Amino acid sequence: MSQLSAEDEVELQSLLKQLLQSINDKIAGAPSAECAEEILLHLEETDKNFHNYEFVKYLRQYVENSLGTVVEEETKNLSRGDGQHAVGSGHDTLIHAVTRRTRDSAEYQQMMQTLKNTMIMVVESLINKIEEDQLRKEEMLQEKQHSQSNSQYTDNCSDSDSSFNQVRQTAFAISGQ
């Protein structure tokens with residue numbers, strides 16, 4: 001499951017956008033980019049809803065699908081205690097050994113590389129969409145301002161025409177007498 005499809009990328013982009021919108025207030029309130037980065041790095045510790053975000057749920061499922069069998073195999077091998085795979089007593093020791101072996105596995109390396117490459121594309125695409133939206137908003141604002149200035153010019157022309165017509169009618173009335 002390490003490979004992500006185009007549909008997965010679109011879904012990840014949508015989920016990341018939802019996450020960023022959900023935590024926008026926290027990030028926007030940061031006094032600097034470094035502080036915003038720290039907020040993101042510690043989001044799990046500071047946001048009680050962290051594990052409820054769909055983006056986090058998606059990533060958790062992706063990791064489970066990618067590494068679940070590796071973790072199960074390493075756990076079986078290490079807990080068997082058959083000499084070469086034996087681990088010292090204690091649950092924590094087993095967890096550390098399984099974690100270390102899982103992180104050293106080819107599956108973990110492949111999953112991380114795929115996830116990194118995919119997230120780079122997702123973030124770049126999201127940034128491009130945001131920039132395009134911003135440009136569109138600016139263009140619409142310029143068009144609106146241009147339209148208003150043209151309308152103002154037309155109004156001024158109408159006022160001038162009215163004034164001119166009044167002067168012409170007055171002149172015609174005077175000359176017609």
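That block above? That's the structure.
Now for a quick tour of the structure. (Residues numbered from 1 in each chain as written. Predicted model: local features only at pLDDT ≥ 70, side-chain atom pairs only at ≥ 80, totals over all residues. Heavy atoms only, no water.)

Moving on to the nonpolar core. The biggest cluster of nonpolar side chains holds 20 residues, and the ones touching the most others in it are Leu4, Leu12, Leu16, Leu19, Phe55 and Met119. Going through the elements one at a time, helix H1 (6–22), helix H5 (54–80) and helix H7 (106–176) are the ones with two or more residues in this core. Ignoring sequence-local partners within four residues, the contact set of Met119 consists of Leu12, Leu16 and Phe55. (Core = buried A, V, L, I, M, F, W, Y, C linked by side-chain atoms within 4.5 Å. Buried < 20%, exposed > 50% of the residue type's maximum accessible area, 1.4 Å probe, protein only. Helix = DSSP H or I, 4+ residues; strand = E, 2+ residues; numbered from the N terminus. Contact = heavy atoms within 4.5 Å.)

We now examine the packing of H1 against H5. For the pair H1 and H5, interaxial distance at closest approach is 8 Å and the crossing angle is 140°. By the criterion of interaxial angle, the relationship of H1 to H5 is oblique. Every residue of H5 that contacts H1 at Asp8, Glu11, Leu12, Leu15, Leu16, Gln18 and Leu19 is listed here: Glu54, Phe55, Tyr58 and Leu59. Grouping the amino acids of the contact of H1 with H5 by side-chain chemistry returns seven nonpolar, one polar and three charged. (Axes fitted to C-alpha atoms, helices over the stretch in contact; angles between N-to-C directions. Parallel < 35°, antiparallel > 145°, perpendicular 65-115°, else oblique. Nonpolar A, V, L, I, M, F, W, Y, C, P; charged D, E, K, R; others polar.)

Attention shifts here to the environment of Val71. Summarising the element assignment, Val71 is placed in helix H5. Distance in space between the C-alpha atoms of Val71 and Ile95 is 9.8 Å, their sequence separation being 24 residues. For Val71, the residues in contact, after removing those within four places along its chain, are Val98 and Thr102.

Moving on: the pattern of salt bridges. Under the counting rule described, the total for this entry stands at five salt bridges. Notably, a salt bridge pairs Glu54 with Lys57, separated by 3.4 Å at the nearest N-O pair. Highlighted residues: Glu54 and Lys57, both in helix H5, separated by three residues, approximately one helical turn. Look at Lys57 and you get partly exposed, because its relative accessible area is 33%. In this structure, Glu74 engages Arg101 in a salt bridge whose closest nitrogen and oxygen atoms are separated by 3.4 Å. Of the two residues, Glu74 sits in helix H5 while Arg101 sits in helix H6 (residues 91–104), which places them 27 residues apart along the sequence. Since its relative accessible area comes to 18%, Glu74 is described here as buried. Residue Arg101 is classed as partly exposed on the basis of its relative accessible area of 28%. (Salt bridge = Lys/Arg side-chain N within 4 Å of Asp/Glu carboxyl O.)

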